[in-house]
Amino acid sequence: MHDFPPPVTIFNQSIPGPEEEDGWLLGNIGCYGFYRVNYDESNWRALITQLNTDHTKISLANRAQILMDSWSLARAGQLSYTVALSTLGYLQKETQHVAWRAALTEMHDLQALLSADRTVFELFSTFMQRQTASIFDSFDPKSALSEDADSRTAVLVTQTACHYGLKACVRLARAQFDQWRTHPDNNTVTVDMRSAFYCTAVAHGSPSDWDFLFQRYLREVKASERARLRLALACARDSAILNTLINRTLDQTYIPTQDALETLIACAGNRYGRDLVWAFVRYNLPVIRERFSSTAFNMKGLFSGISQSFHTTQQLMELEDLASRYPDLSEAMVDAIEKTRANREWLRHNLVSIQRWLLTQMAD
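In this text the structure is predicted, and so the values were computed from the model without any measurement.

**Q** Sorry if this is basic, but what is going on with the packing of aromatic side chains here?
**A** To describe a pair of aromatic rings, one takes the distance between the centres and the angle between the planes. Applying the stated criterion across every chain, the model contains 14 aromatic pairs. Measuring from ring centre to ring centre gives 5.9 Å for Phe214 and Tyr217, while their planes differ by 45°; the resulting arrangement is tilted. A residue pair is termed a helical-turn pair when its members lie 3 or 4 positions apart in one helix, as Phe214 and Tyr217 do in helix α9 (residues 207–219) at three residues. According to the relative accessible area criterion, Phe214 is buried, its value standing at 3%. Through a chain of ring-to-ring contacts, three or more aromatic side chains come together here, namely Phe124, Phe127, Tyr164 and Trp357. Sitting above the plane of the Tyr217 ring, Arg226 keeps its charged end 4.1 Å from the centroid.

This is the structure in structure tokens:
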């Protein structure tokens, strides 16, 4: 064991604000320090105004830092989520992959939590459609999405636009998918875009689209493509189709044992499949336990994965009931139970203010 010295306060004093009325201060220039920077709300608003006015006045590294700092501080309860959300407004002008990647990484948990409320999730989806629309429209699908182009930003923005249902992106995904269905031996969908386009086509498609993809999955021999196809099948919105896939996770004829848990978690990550997976797991837990409990990690991963957006008292009671009825699995459910409690508190404290903020954005 090493004895570490106590923390030291390097300085503790106020820094004079900018002389200009609309000026701002920016800490950790160049992001050389491994720490978060918080400001008073007026300085956050000034930084956000600068991003919205001319984001290039702030370096790319510091733009990513502003996004990461604001969201990390919001999660820690040291900054309002409405301020963190406001940092996303300038993304409709952002063309750099680093900033987009920072924003989407930080937003990951928020998306899962907001899916708890259909109205708020649809508001957030509309907001994200606005952020991606102009950049998406500026891409030439034949060049920006080609494998020969330096297309990291194009790919990331297109994936995001399709995920949140931007109509132009859905049309593009559907057109690419339909072309593949017409010529099944000539898949022209760019490899980088296949996961997003397959998922979008299934989410906005017909049962026959799902059947086509499932048959391609069964015949595919390349592991990476097979995984893309399998996870895209979990994007369906029809409960009967999702239940078909969920039930097939117990049939190795269709889904190998090593892929079954990932498939269940993918279905649970789909807001149309979350409750279906949870009902399936509760009903089939004896079989699932026997098949997948070779390591405690497998079962812990399953419960943690399917409960990411759990937030209701009913879901909490169901988790606790399972833990009491299956003592050997109780440890595997600890994180899921704690996460459900935390999600419930988070929504209680933040959902209304986020909804109000989104409504004001839609009114602009």
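**Q** When you look at the pattern of salt bridges in this model, what are you seeing that I'm missing?
**A** All told, the structure shown has 19 salt bridges when counted by the stated rule. Notably, a salt bridge pairs Glu262 with Arg230, separated by 2.8 Å at the nearest N-O pair. Residue Glu262 is located in helix α12 (residues 257–269), and its partner Arg230 is located in helix α10 (residues 223–233); the two are separated by 32 residues in the primary sequence. On the basis of relative accessibility, which here comes to 39%, the residue Glu262 falls in the partly exposed class. Note that Asp321 and Arg325 form a salt bridge whose closest N and O atoms lie 3.0 Å from each other. Of this pair, Asp321 and Arg325 both sit in helix α15 (residues 313–325), four residues apart, which is roughly one turn of that helix. Taking the relative accessible area as the measure of exposure, Arg325 reaches 47% and is therefore partly exposed. The structure contains a network of salt bridges with shared partners spanning Arg174, Asp178, Arg181 and Asp209.

**Q** It is not clear to me how the state of the cysteines should be interpreted in this structure. Could you clarify?
**A** Each disulfide consists of a covalent bond between the sulfur atoms of two cysteine residues. Enumeration over the complete set of coordinates arrives at two disulfides. Cys199 shares a disulfide with Cys235; S-S distance 2.1 Å. Taking the torsion about the S-S bond as the criterion, the Cys199 to Cys235 disulfide, at about -105°, is left-handed. Pair noted here: Cys199 is in helix α8 (residues 194–203) and Cys235 is in the loop between α10 and α11 (239–248), with a separation of 36 residues, a long-range link. Among the residues examined, Cys199 registers a relative accessible area of 23% and is labelled partly exposed. Counting its disulfide-bonded cysteines in sequence order, the protein shows a connectivity of 1-2, 3-4. In this structure Cys267 is not part of a disulfide, and its nearest cysteine sulfur, from Cys235, lies 8.9 Å away. Classification of Cys267 by relative accessible area gives buried; the value is 0%.

**Q** Could you clarify how one ought to interpret α8 in this entry?
**A** The α-helix advances 3.6 residues per turn, and as a result positions three or four apart in sequence lie on the same side. Among the 10 residues that make up α8, eight are buried, leaving the element largely enclosed by the rest of the structure. Among the residues of α8, those classed as buried are Arg194, Ala196, Phe197, Tyr198, Thr200, Ala201, Val202 and Ala203. In this structure, the buried residues of α8 make contact with α6 (152–163), α7 (167–182), α9 and α10.

Cut-offs used in this document
- Residues numbered from 1 in each chain as written.
- Predicted model: local features only at pLDDT ≥ 70, side-chain atom pairs only at ≥ 80, totals over all residues.
- Heavy atoms only, no water.
- Phe/Tyr/Trp six-rings, centres within 6.5 Å; stacked < 30°, edge-to-face > 60°.
- Helix = DSSP H or I, 4+ residues; strand = E, 2+ residues; numbered from the N terminus.
- Buried < 20%, exposed > 50% of the residue type's maximum accessible area, 1.4 Å probe, protein only.
- Lys NZ or Arg CZ within 6 Å of the ring centre and 35° of its normal.
- Salt bridge = Lys/Arg side-chain N within 4 Å of Asp/Glu carboxyl O.
- Disulfide = S-S within 2.5 Å.
- Contact = heavy atoms within 4.5 Å.

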